[in-house]
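# Observations on the three-dimensional arrangement
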Amino acid sequence: MTPLHRRRFACKAASVLAAASLLAAGLGVSTVARAEGQLRIAEQFGIVYLLLNVAQDQKLIEKHGKAAGVDIKVEFLKLSGGSAVNDALLSGSIDVAGAGVGPLFTLWDRTKGRQNVKGVASLGNFPYYLVSNNPAVKSIADFTDKDRIAVPAVGVSVQSRVLQFASAKLWGDKEFAKLDKISVAVPHPDAAAAIIKGGTEITGHFGNPPFQEQELAGNPNARIVLKSYDVLGGPASATVLYATEKFRAENPKTYKAFLGALDEAAKFIAAHPEKAADTYLKVTGAKTDRALLLQIIRNPEVQFKIQPENTLALGQFMHRVGAIKNAPAGLKDYFFDDAATAGGN
C-alpha cells in the first residue's frame, strides 16, 4: 500500500468509525464515561499543527499532567476535513478536535445549549493561500466551471468559509456560495501533488503551510490568487482546538495540563525554530524540504501562540449569510473562558 493509499485509508477508516459512533449515539447506545487522565486529539495535515507535534514528541501533556498529580494517556488521530473531525467529536471518538475556526463555529452553533462545544486554544496565526496553476486565473473571479478548487471540506472547512467570505465581498452575500459548486474535498497532500504535477481537473487549492509553499516552489505556473489575511483583515487564527463543555468540566486536570503543554510548545518553537522543524519531520514523517519549513516557521506573518486572534469576523459573516443560526458577539461566546487564552479576540 502506497503512502497516499495509506493516508486515504486512514482518513476513510476514521470517518467510518465516527459515523458508526454517531449511529450508536442516535440509537441510544450508552458509552462509558472517560476517566480523568485520558486525552484523544484529532489533528490534520500541515505545519499548522506544529504545537501538537512538539507536545507529542516531548510528551509535554504527560509532563504537565504528572506535575498536577495525574497520569495522562494521550492519543493522536489523523483525520482530514472539518466534517470528519466534527463527526468524531460529536460521536465521542475524540476529546479534542483540531480543525479550522469555520468548523468550530459550525459545531458551536449546532451544540449551543446541548453539548456546548467551544474553542480551547488557537494553534497560531497562519496565512492561508488559494493557489492556482491555471494561467488564466488571476483572481477568484477568473475561475470557471472547468476549474476545480480543492479544500479539506466543501462548505465546512475554514478554507471553504474564507473563500465564501471573499465571494460575498466580490459578488454580494447572496452569492457567497458561488464557488462551492466547483470546490472538491481533497486532503492537502493530495491536492498539493495535483497542483504541482498539473494536468488534472484540480486547478486551485486553498491549502495551508507547508503545502501551499511547496506548490509555489514546485510549479512555475502556480500563483497566489487569494490570501486569507486579506479577506479576514489581518493576521488570524485559522486553525484551532475545541472540545465539549462536558469534557472540560469532568477533566479539569487533564484540560489544564493540555493548555500548559501547548503554551510550552509555542515557546519552544519561538526559541528553537530549527529543532521545531526537525520535530515536524520526525513526528509526521513528511518529506518536506527542511529549508522550506524553516522559512515558514520564521515567516513574520506566522505566529505560534495559543491565544486566538481575529476570529470573530468569520463567525459574524457565517451568521449573516445563514450558515449558523446563533450570532457570536465576542470570543467568550465560542471559546472557553480560560486565563491561558485570555486577551484573544
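Heads up: these notes are all about the structure in this document.

Conventions adopted
Residues numbered from 1 in each chain as written. Predicted model: local features only at pLDDT ≥ 70, side-chain atom pairs only at ≥ 80, totals over all residues. Heavy atoms only, no water. Pairing = 2+ DSSP bridges. Helix = DSSP H or I, 4+ residues; strand = E, 2+ residues; numbered from the N terminus. Axes fitted to C-alpha atoms, helices over the stretch in contact; angles between N-to-C directions. Buried < 20%, exposed > 50% of the residue type's maximum accessible area, 1.4 Å probe, protein only. Contact = heavy atoms within 4.5 Å. Core = buried A, V, L, I, M, F, W, Y, C linked by side-chain atoms within 4.5 Å. Parallel < 35°, antiparallel > 145°, perpendicular 65-115°, else oblique. Left-handed = near helix turned anticlockwise from the far one by under 90°. Salt bridge = Lys/Arg side-chain N within 4 Å of Asp/Glu carboxyl O.

The next point concerns the sheet that holds strand S5 (residues 129-132). Overall, mixed pairing links the five strands, which are arranged S7-S6-S8-S5-S9 in an open sheet. Since the sheet does not close on itself, it has two edges, and those belong to strand S7 (183-185) and strand S9 (223-227), each with one partner. Sheet twist, expressed as the mean angle between neighbouring strand axes with direction ignored, is 30°. The pairing of S5 with S9 spans four bridges and is classified as antiparallel. Paired with Tyr 129 across the strands is Lys 227, a residue of S9.

Moving on: helix H2 (residues 50-57). For H2, the buried fraction is high: six of the eight residues fall into the buried class. The first or second residue beyond H2 is Lys 59, which carries a positive phi of 50°.

This part covers the sheet that holds strand S3 (residues 96-100). What the five strands build is an open sheet, ordered S2-S1-S3-S10-S4; its pairing is mixed. Looking at strand neighbours, the two that pair on one side only are strand S2 (73-78) and strand S4 (118-122), the edges of this open sheet. Neighbour-to-neighbour, the strand axes of this sheet turn through a mean angle of 25°, independent of strand direction. Relative to S2, strand S1 (residues 38-43) is paired through six bridges, and the arrangement is parallel. Across the sheet, the residue bridging to Ala 42 is Leu 77, located in S2. Against the sheet, helix H5 (residues 101-111) engages S3, S4 and strand S10 (239-243), with an angle of about 120° to S3.

Ranked by size, the top nonpolar core spans 92 residues in total, and within it Tyr 242 and Phe 258 carry the most contacts. A per-element tally of this core places helix H11 (residues 252-271) first, with ten residues. In this structure, Val 131, Val 186, Ile 202 and Ala 222 belong to the second largest nonpolar core, which totals nine residues.

Before going further, it helps to spend a moment on the packing of helix H12 (residues 273-284) against helix H13 (residues 290-297). Relative orientation of the contacting elements H12 and H13 amounts to 125°, with a least axis distance of 9 Å. Judged by the angle between their axes, H12 and H13 are oblique. The two elements H12 and H13 meet at a crossing, and its hand is right-handed. Contacts between H12 and H13 pair Pro 273, Glu 274, Ala 276, Ala 277, Asp 278, Tyr 280 and Leu 281 from the former with Arg 290, Leu 293, Leu 294 and Ile 297 from the latter.

This part takes up the environment of Pro 273. Structurally, Pro 273 is set in helix H12. Distance from Pro 273 to Ile 296, taken between C-alpha atoms, is 9.8 Å for residues 23 residues apart in sequence. Apart from residues no more than four positions distant in its own chain, Pro 273 is found in contact with Leu 294, Ile 297 and Arg 298.

The next point concerns helix H8 (residues 211-218). If you check which residues of H8 are buried, you get Phe 211, Gln 212, Glu 213 and Glu 215. Packed against the buried residues of H8 are S5, helix H7 (188-197), strand S8 (202-206) and H13.

What follows deals with the pattern of salt bridges. Within the structure shown, the criterion is met by twelve salt bridges. Lys 63 is the salt-bridge partner of Glu 264, the closest N and O atoms lying 2.8 Å from each other. Here Glu 264, found in helix H11, pairs with Lys 63, found in helix H3 (residues 60-67); they are 201 residues apart in sequence, far enough to count as distant. On the accessibility criterion, Lys 63 (44% relative accessible area) is partly exposed. Lys 332 serves as the salt-bridge partner of Asp 337, at 3.8 Å between the closest nitrogen and oxygen. Given the relative accessible area of 54%, Asp 337 is considered exposed.

The values reported here are purely geometric and, on their own, carry no functional implication.
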